[in-house]
Amino acid sequence: MPTETTEIADGVHRISTYVEPPGLVFNQFLLTADEPLLFHTGMRGLFPEVSAAVQRIVPLSRLRWVAFGHLEADECGSMNEWLHAAPSSQIAHGTLGCRLSINDMADRPPRQLSHDEVVDLGGKRVRRIETPHVPHGWDAGLLFEEVTGTLFCGDLFTALGRTTALTEADIVGPALSAEDNFGATCLTPSTAPTIRSLANLQPTTLGLMHGPAHTGDCERALNDLADSFDERLRTAGVRMAEPRLPGE
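Residues numbered from 1 in each chain as written. Predicted model: local features only at pLDDT ≥ 70, side-chain atom pairs only at ≥ 80, totals over all residues. Heavy atoms only, no water.

Novice: Help me get a handle on the overall build of the protein chain, residues and values and all.
Specialist: The helix and strand tally for the protein chain stands at seven helices and 14 strands. A globule of 248 residues ought to have a C-alpha radius of gyration of about 18 Å, and the protein chain, at 18 Å, matches this closely. Along the first, second and third principal axes, the C-alpha atoms of the protein chain reach 60 × 40 × 35 Å. Residue burial in the protein chain is summarised as follows: out of 248 residues, 51% are buried. Residue pairs in contact within the protein chain that sit at least 24 positions apart in sequence constitute 59% of those at least 6 positions apart. Of note, the protein chain has its 19 positive side-chain charges centred 3 Å away from the centre of its 33 negative side-chain charges. (Helix = DSSP H or I, 4+ residues; strand = E, 2+ residues; numbered from the N terminus. Rg over C-alpha atoms; globule rule 2.2 N^0.38 Å. Buried < 20%, exposed > 50% of the residue type's maximum accessible area, 1.4 Å probe, protein only. Contact = heavy atoms within 4.5 Å. Lys, Arg positive; Asp, Glu negative; His and termini not counted. Charge placed at Lys NZ, Arg CZ, Asp CG, Glu CD.)

What follows is the structure, encoded as structure tokens:
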């Protein structure tokens, strides 16, 4: 489907493409600032459409930073295409992820970001927040844009199907339905506390990778998602502890 752009907060642009199958929207986020930043690269196959959408907002030659949450095709599959198209750009990713993968895979050395490190983009400020295994990936982390209060959630709140660009409606129910379908979230004792720590940021906008941008009660949505995963972890633990016959 055509790649669409929507400004979801001041200078924060959602770049969205619906792909069928798998029946998901794939979103990237462009922050316009003195040093523009792209969060998520999209897969290599989407690069022509996504780069054309970015070019309509800022010249690719101005792009300074390319960031993402964790190592996965839709998060960083086209990172080298972006590095080639934007000669002044640099990958910015968590230290662990750089050491594990990106130092080797990126065509230029990345900037390694530590937990809570802030990058001043000039008009925008992004903070790297490490969230290992939340929702998945050893190197997982998110970005929080402090000026607009936008939390880029990566795969949290993944929803199936085409969605509106912006919503104040419930995003927890659709996320749990998608979780029933994909089982993509690592359920560990740290899953819910990590999500609750994101709620403590009190974001005003949630930028979902696979769903609409949420402009409702973001703090409550994060806490409700954490509560739901806590309950699922308890249920899974009880089920695993139940006696089973051999072969069950």
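Novice: Give me the pattern of salt bridges: which residues, what numbers.
Specialist: According to the stated counting rule, one finds 10 salt bridges in the structure shown. Between Arg-232 and Asp-180 there is a salt bridge, with the nearest N and O atoms lying 2.9 Å from each other. Here Arg-232, found in helix H7 (residues 218-241), pairs with Asp-180, found in helix H5 (residues 172-182); they are 52 residues apart in sequence, far enough to count as distant. Classification of Arg-232 by relative accessible area gives partly exposed; the value is 25%. The partner of Arg-196 in a salt bridge is Asp-230, and the shortest N-O contact between them spans 2.9 Å. (Salt bridge = Lys/Arg side-chain N within 4 Å of Asp/Glu carboxyl O.)

Novice: Can you break down the packing of aromatic side chains residue by residue, with the values?
Specialist: Summed over the entire model, instances satisfying the criterion amount to three aromatic pairs. Ring centres of Phe-39 and Phe-152 lie 5.6 Å apart, and the angle between their planes is 40 degrees; this geometry places the pair in the tilted category. You can see Phe-39 sitting in strand S4 (residues 37-39) and its partner Phe-152 sitting in strand S11 (residues 150-154), a full 113 residues away along the chain. Comparing Phe-39 with Phe-152, the two get one shared label, buried. Taken together, the aromatic side chains of Phe-29, Phe-39 and Phe-152 make up a single cluster linked through ring pairs. Across the ring face of Trp-65, the terminal group of Arg-64 is positioned such that the distance to the ring centre comes to 4.0 Å. (Phe/Tyr/Trp six-rings, centres within 6.5 Å; stacked < 30°, edge-to-face > 60°. Lys NZ or Arg CZ within 6 Å of the ring centre and 35° of its normal.)

Novice: Account for helix H1 (residues 47-55), with residues named and values stated.
Specialist: Among the residues of H1, those classed as buried are Phe-47, Val-50, Ser-51, Ala-53 and Val-54. Down the axis, H1 shows its buried residues gathered within 155 degrees of arc, on one side only. (Arc of directions from axis to C-beta.)

Novice: So, H5: which residues are in play, and what are the values?
Specialist: When H5 is considered as a whole, its buried residues turn out to be Val-172, Ala-175, Leu-176, Ala-178 and Glu-179. Down the axis of H5, the sector holding all buried residues measures 160 degrees, keeping them to one side. Turned more than 90 degrees off the buried face of H5, the exposed positions are Asp-180 and Asn-181. Of the residues flanking the end of H5, it is Gly-183, one or two places downstream, whose phi is positive at about 60 degrees.

Novice: Explain the sheet that holds strand S5 (residues 65-67) to me, and be specific about the residues and the numbers.
Specialist: Think of a sheet as strands paired side by side through backbone hydrogen bonds, with each pair either parallel or antiparallel. Here seven strands make up an open sheet; going across it, the order is S1-S2-S3-S4-S5-S6-S7 and the pairing mixed. Of all strands in the sheet, those bounded by a partner on one side alone are strand S1 (4-9) and strand S7 (111-113). Within the sheet, the average angular offset between the axes of one strand and its neighbour, ignoring direction, is 25 degrees. Here strand S6 (residues 90-94) runs beside S7; their pairing, made up of three bridges, is parallel. Considered in S7, the bridge of Ala-92 is made with Arg-111. Against the sheet, H1 touches S1, strand S2 (12-19), strand S3 (24-31) and S4, its axis set at about 155 degrees to S2. (Pairing = 2+ DSSP bridges. Axes fitted to C-alpha atoms, helices over the stretch in contact; angles between N-to-C directions.)

Novice: Explain the environment of Ala-73 to me, using residue names and the numbers behind them.
Specialist: Note that Ala-73 resides in helix H2 (residues 73-76). Residues Ala-73 and Thr-41, spaced 32 residues apart in sequence, show a C-alpha to C-alpha distance of 8.7 Å. Apart from residues lying up to four places away in sequence, Ala-73 is in contact with Gly-42 and Met-43.

Novice: Please set out the environment of Ala-192 residue by residue, giving values where relevant.
Specialist: Looking at the element boundaries, Ala-192 is found in helix H6 (residues 191-199). Given a relative accessible area of 0%, Ala-192 falls into the buried group. C-alpha separation for the pair Ala-192 and Ser-228, spaced 36 residues apart in sequence, amounts to 8.4 Å. Among residues more than four places away in sequence, those in contact with Ala-192 are Ala-226 and Asp-230.

Fair warning: the whole summary comes from geometry, so function is off the table for now.
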